[in-house]
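# A closer look at the structure
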Amino acid sequence: MKIGVPKEIKNNENRVGMTPAGVFELTKNNHEVYVQKSAGLGSGFFDEDYMEVGAIVLDTIEEVYASADMIVKVKEPIEKEYPLIKSHHVVFTYFHFASSETLTKAMIKSGAVCIAYETVECDNGTLPLLTPMSEVAGRMAIQQGAKYLEKPIKGRGVLLGGVPGVPPGKVLVLGAGTVGIQAAKMAAGLGAHVTIMDINMKQLRYVNDVMPNHVVTEFSSEFNIRNRIKDHDLIVGGVLIKGAKAPKLITRDMLKEMRPGTVIVDVAVDQGGCIETTKPTTHEDPTYIIDDVVHYCVANMPGAVPYTSTLALTNVTLPYVLKLANQGWEKACKNDESLSKGLNVVKGKIVYEEIAEAFNWSVDAMA
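Here goes a summary of the coordinates provided. (Residues numbered from 1 in each chain as written. Predicted model: local features only at pLDDT ≥ 70, side-chain atom pairs only at ≥ 80, totals over all residues. Heavy atoms only, no water.)

### A closer look at the sheet that holds strand S10 (residues 234-237)
Strand pairing in a sheet relies on backbone hydrogen bonds, with the paired strands running either antiparallel or parallel. Note the following rule: For two strands to be treated as a pair, DSSP must find at least two bridges joining them. Here a helix means four or more residues in a row that DSSP labels H or I, a strand means two or more in a row labelled E, and each is numbered from the N terminus. What counts as an axis is a line fitted to C-alpha atoms, over the stretch in contact for a helix, and the angles between N-to-C directions run from 0 to 180 degrees. In this description, contact between two residues means that some pair of their heavy atoms is separated by no more than 4.5 Å.
Here 7 strands make up an open sheet; going across it, the order is S9-S8-S7-S10-S11-S13-S12 and the pairing mixed. For this open sheet the edge positions go to strand S9 (215-219) and strand S12 (287-290), each flanked by a neighbour on one side alone. Sheet twist, expressed as the average angle between the axes of neighbouring strands with direction ignored, equals 20°. Pairing of strand S8 (residues 193-198) with S9 involves 5 bridges; the strand directions are parallel. Pairing of Val-194 across the sheet is with Val-215, part of S9. Relative to S10, helix H5 (residues 131-148) is tilted by about 150°, and along the sheet it contacts strand S7 (170-174), S10, strand S11 (263-266), S12 and strand S13 (293-296).

Now the structure itself:
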């Protein structure tokens, strides 16, 4: 199979869809790999690294798409890429369709096979291709939140870990999944007082067992959230409903109950955000303020640490890329149920129910 790895063109996205090590495995299996010039530079990989393992380096993104049968990316295609995606393409990347009707319609129109990393699902319900980026984003949520709590950037002026004689800051984490657990772990490591909320009691029991005593669990309800936001300094939104829009757990009116300088980091922004006032931002301009509350809603947080993120992503995507390349998408999805759940849009039709529901469309309907 001919596989294309284009350079990511989303704002400040420095990750790349495949490392040289991943390309080596593909060429070893007699596949042709086309990598766009300087695609790996942001992640610390040079064109020479790719050429040494058998990749063909092409100058432009147009050449990569024109040469490939399968496109392996990191982030969803943006408007400039829509015309490059054709009906013969298999596109394997993070799509997050439920957050963008425009993207969804464009991919339906393309006639391509769109397989989304974020909905590939194992038998036990885990999301193997989302997990490593959720781990990165969860940890970064505290790293960024701690920074934006500083007074010069309009935060409350709170040091999360406190100092002797001064109480630590308070962190509220919404969601006890991968993002939430990693955020709680980082915040606890800094010495902050952490409250983590979820509606899944089994997950809360797990968190209670593995976390230190200054991480407390609480059932997630509007009443409990309203109580906690009044005195917490940093709020992390880490809620995920697979393939669907995130629920709005904090509404606009609730911002007035927070103290000025409170920081919100909404990691769920890729799926529409779990805060009503969330809107996607970039690493270039990451924050905005509403009702004196600082919002950090960068839609590609792991892109800020591309070396770590690209290695972590290729570790988990490569086995699936090899299956798709070796067997073709139809046979690979038939033989691997977890991969088949990654099918979102196929040859002009939505085949993933939650996406259709996000826009009140019927499954298998064409937009």
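### A word on the pairing of strand S5 (residues 90-93)
A regular strand places its side chains on the two faces of the sheet in alternate fashion. Keep this limit in mind: Note on exposure labels: buried denotes an accessible area under 20% of the residue type's maximum, exposed denotes more than 50%, and partly exposed covers the range between, all computed with a 1.4 Å probe on protein chains only. Think of it like this: strands point away, you trace from the first strand over the helix to the second, and a clockwise trace means the crossover is right-handed.
Burial along S5 is two-sided: Val-90 and Phe-92 facing one way and Val-91 and Thr-93 facing the other are all buried. Where strand S4 (residues 70-72) and S5 come together, 3 bridges link them in parallel fashion. Residue pairing across strands places Ile-71 opposite Val-91, the latter belonging to S5. Bridge count between S5 and strand S6 (residues 113-116): 4 bridges; the pairing is parallel. The residue bridging Val-90 from the neighbouring strand is Val-113, located in S6. Viewed along the sheet, the connection from S5 through helix H4 (residues 101-110) into S6 turns out right-handed.

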